[in-house]
Amino acid sequence: MRADLPRFDLSQSAEQLRVSFRFDEVVRLRESYAVLDEGTIVAILEQAAAFATDTLEPLNRAMDAQGAQLRGGRVHTAPGHREAWAAFVANGWPSIDHEAGYGGQQLPLPLCLAVQEIFDRACPAFGMLPVPQRSAARLIAAFAAQDVKEALLPALASGELGATICISEAGAGSDVLQMRTRAREAPDGWRISGEKCWISYGDHDLTDAIVHCVLARSDDGTAMRPEISLFLVDTRVAGQDGVQVLRTEEKLGLHGSPTCTLAFDEAPATIIGERGRGLAQMFVMITQMRLAVSAMGLGIACAASDVALAYARERRQGGKPGDPQPIVAHADVRRQLLELTARTQLLRGLMLNIANLAELAAHGEDPADRERCAALVQWFLPIAKTFGADSAFANSSGAIQVLGGAGYTGEWPVEQSLRDARVLSVFEGTSGIQAIDLLQRRVIRDDAGLQVFLALARADAGDTPLTRCLELLEAAASALKAASPADQDAGAAAFLDLAMLASAGWVATRFVTLPGAGQPVAHMRAAGRYWLDRIEGRSAMHHAEAVQGAGPIAHFAAFA
Ligand SMILES: Cc1cc2nc3c(=O)[nH]c(=O)nc-3n(C[C@H](O)[C@H](O)[C@H](O)COP(=O)(O)OP(=O)(O)OC[C@H]3O[C@@H](n4cnc5c(N)ncnc54)[C@H](O)[C@@H]3O)c2cc1C
């Protein structure tokens, strides 16, 4: 028997959404958002929490114990998965953030991510199917022809059609340009041939069909710099001969989510968008998926910190002989718990703020403000993705520490959390690649987002220690701009750490000034104060490492 997760704190989630940056403006952006008064928001979160507790939590254990399996060339999901998916579809959950014109409920992104957190807290492997569905829908809405939109978008919104993102190949992971999958233009349309690996939900028995969003070379294969275009492969058209599952991976965690190697063999495909602009266009999908990793990280981090807090209130060790105290009374345990809960709250705050900015960038009225919001989203994206990934793993590991030996056993859900969380800093672009992306593209090439962030955060920082952290962030950015490429590469990871600290610090300064006396606000204020109390020393350390240059890395020569 495994211990249950503590109940999800709905009031905390609803309050954080309500006070998130410019949420009051977001609910006025579109007609479908106007229905979102406080009562409706709480009702939606309540329904999500009930589904998570009743259906997803038990499934999480079953999926971990018996993952998806490849039999007879098809992937069969774990026992109970099909029934849970059918209930998810029947309750309308896949459609919440799809466009109203194509059968969606068109709810705002911050609310959709708040709902995703609840589902991922209960069962992260389950949530890995709806995420590519909704991200593919955005991609198709942005680039496909009208008839393709009409054929695919309603089926994605209803949950009848699965979706994947097919980028990775054995020889092309971070280095996408190495891809070998080819697209050939035949008289009756495009054909795709090649192997894509590690494709999440590349095959399954939950939907009758899947639309694969595939990047492939559309040149003749001889160009030095490949021409990469974006294609849709619909399994209803391609059939089992066109797309075959060669294998599924045995992996550390997320056992319920099949990770497939797919062979495309002259599969009929539809090109979308502009030929040769596939990678740039795919970023519409990648952006959604990276934000979703942040929400997934939050779900896992929240589960771990909730388990740790509940356990520490019950477990008695230390204190007077014969009268042991609950371990939550010990300063060292409090230190650990604060780190876990503060991370959870600040990550949630940051993710919701970014989601609001994404809404304002897409639907705001003022073009200059839309541009500022878009620059901020670009700046925050690698930060949110990495902060989510790091928090999921750090909180799972930290929760095991608080639980002691019990945490390491299967009796508690945190050992599974640790295994499930580990991949978040690998897929959707490794943390190393996020750090390089942030430094090269968002600081050195175009620092518009950084400048907007600095102005915004300075205005909120007042005389808090965030001001010093922002000075160090700006100084590190200037030093790295002027540094050699080797020094830039060496400092990128520490710069990302500093940027995460500052971004969460911005959320913290907004938390500490929140008015009101209720418990959710008290939690936010405490999390914010703790973060700001720690920020100076931590930012000094990350700044020093960011600007230190490649010198220390030269020691690797001894091992090369
Ligand atoms: C469970 C799971 C699910 C996945 N789902 C999907 C999916 O649905 N669709 C899909 O397309 N892919 C998927 N992937 C693949 C995933 O996106 C890749 O694993 C990831 O992009 C990293 O590629 P790689 O594994 O080849 O690592 P590599 O690129 O080989 O990187 C290995 C290490 O080298 C570092 N590195 C690489 N290049 C550089 C560089 N230029 N500078 C500095 N450091 C560098 C990396 O940071 C990393 O630490 C999935 C992977 C897993 C494990």
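Residues numbered from 1 in each chain as written. Predicted model: local features only at pLDDT ≥ 70, side-chain atom pairs only at ≥ 80, totals over all residues. Heavy atoms only, no water.

Caption draft 1: Just the overall build of the protein, in detail. If you tally the helices and strands in the protein, you get 18 helices and 11 strands. Computed over the C-alpha atoms, the radius of gyration of the protein is 23 Å, within 12% of the 24 Å expected from 2.2 N^0.38 for a compact globule of 560 residues. By principal-axis analysis of the C-alpha atoms, the protein measures approximately 80 × 60 × 55 Å. By the burial criterion, 55% of the 560 residues in the protein qualify as buried. Here the contacts in the protein between residues at least 6 apart in sequence split such that 75% fall between residues at least 24 apart. Carbon and sulfur atoms make up 52% of the accessible area of the protein, which amounts to about 22900 Å² in all. A distance of 3 Å separates the average location of the 51 positive side-chain charges in the protein from that of its 66 negative side-chain charges. (Helix = DSSP H or I, 4+ residues; strand = E, 2+ residues; numbered from the N terminus. Rg over C-alpha atoms; globule rule 2.2 N^0.38 Å. Buried < 20%, exposed > 50% of the residue type's maximum accessible area, 1.4 Å probe, protein only. Contact = heavy atoms within 4.5 Å. Areas by Shrake-Rupley, 256 points an atom, 1.4 Å probe, with all protein chains shown as cover. Lys, Arg positive; Asp, Glu negative; His and termini not counted. Charge placed at Lys NZ, Arg CZ, Asp CG, Glu CD.)

Caption draft 2: Region of the structure containing the nonpolar core. Judged by nonpolar contacts, the single largest core of 114 residues is most densely connected at Trp379, Phe380, Phe453, Leu473 and Phe495. The element contributing the most residues to this core is helix α17 (residues 485–512), with 15 residues. The residues touching tryptophan 379, leaving out its near neighbours within four places in the chain, are Leu438, Arg442, Val443, Gly449, Leu450, Phe453, Leu473, Phe495, Ala499 and Ser503. Residues Ala136, Ala155, Val176 and Leu215 belong to the second largest nonpolar core, which totals 31 residues. (Core = buried A, V, L, I, M, F, W, Y, C linked by side-chain atoms within 4.5 Å.)

Caption draft 3: Structural detail: a nonpolar patch on the surface. Judged by side-chain polarity, Ile553, Phe556 and Phe559 come together as a nonpolar surface patch covering roughly 380 Å² of accessible area. Note that phenylalanine 556 resides in the segment after α18 (519–547). Note on phenylalanine 556: relative accessible area 52%, which makes it exposed. (Patch = residues over 30% accessible without salt bridge, like charges linked within 9 Å, V, L, I, M, F, W, Y side chains within 5 Å. Salt bridge = Lys/Arg side-chain N within 4 Å of Asp/Glu carboxyl O.)

Caption draft 4: Spotlight on the site of the ligand. Near the ligand lie 17 residues; those nearest to it are Ile165, Ser168, Ser174, Trp198 and Thr430. A distance of 2.9 Å separates an oxygen atom of the ligand from a polar atom in the backbone of isoleucine 167. At 2.7 Å from a nitrogen atom of the ligand is found a side-chain nitrogen or oxygen belonging to serine 168. Relative to its free-state accessible area of 970 Å², the ligand is covered by the protein chains to the extent of 62%. With three residues, strand β5 (residues 189–200) is the largest single contributor of residues to the shell around the ligand. Classifying every residue of the shell around the ligand gives 10 nonpolar, six polar and one charged. (Near = heavy atom within 4 Å. Polar contact = N/O pair within 3.5 Å; in protein donor to acceptor, adjacent residues only side chain to side chain. Nonpolar A, V, L, I, M, F, W, Y, C, P; charged D, E, K, R; others polar.)

Caption draft 5: Quick peek at the state of the cysteines. Inspection of the entire model under this criterion finds zero disulfides. In this structure cysteine 302 is a free cysteine whose sulfur lies 15 Å from that of cysteine 123, the closest cysteine sulfur available. (Disulfide = S-S within 2.5 Å.)

Caption draft 6: Representation of the pairing of strand β6 (residues 209–217). Where burial is concerned, most of β6 is hidden: nine out of the nine residues are buried. What you see with β6 is no split at all: Ala209, Val211, Cys213, Leu215 and Arg217 on one side and Ile210, His212, Val214 and Ala216 on the other are buried throughout. Pairing of strand β3 (residues 161–166) with β6, which is carried by six bridges, proceeds in the parallel orientation. Across the sheet, the residue bridging to alanine 163 is valine 211, located in β6. As defined by bridge partners, β6 adjoins strand β7 (residues 228–234) across seven bridges and the pair is classed as antiparallel. For alanine 216, the partnering residue across the bridge sits in β7 and is serine 229. (Pairing = 2+ DSSP bridges.)

Caption draft 7: Summary view of the environment of threonine 464. Summarising the element assignment, threonine 464 is placed in the loop between α15 (448–461) and α16 (466–482). Distance in space between the C-alpha atoms of threonine 464 and arginine 529 is 9.6 Å, their sequence separation being 65 residues. Those residues in contact with threonine 464, other than ones at most four positions away along the chain, are Thr509 and Leu532.

Caption draft 8: Seen up close, the packing of aromatic side chains. For the structure on display, the rule yields 17 aromatic pairs. Between phenylalanine 88 and phenylalanine 119 the ring centres are 5.4 Å apart and the planes differ by 70 degrees, which places this aromatic pair in the edge-to-face class. Placement of phenylalanine 88 in helix α4 (residues 81–90) and of phenylalanine 119 in helix α5 (residues 109–122) is noted, with a sequence separation of 31 residues between them. Given the relative accessible area of 6%, phenylalanine 119 is considered buried. Its guanidinium or amino end placed over the ring of phenylalanine 283, arginine 441 lies 5.4 Å from that ring's centre, counting from NZ or CZ. (Phe/Tyr/Trp six-rings, centres within 6.5 Å; stacked < 30°, edge-to-face > 60°. Lys NZ or Arg CZ within 6 Å of the ring centre and 35° of its normal.)

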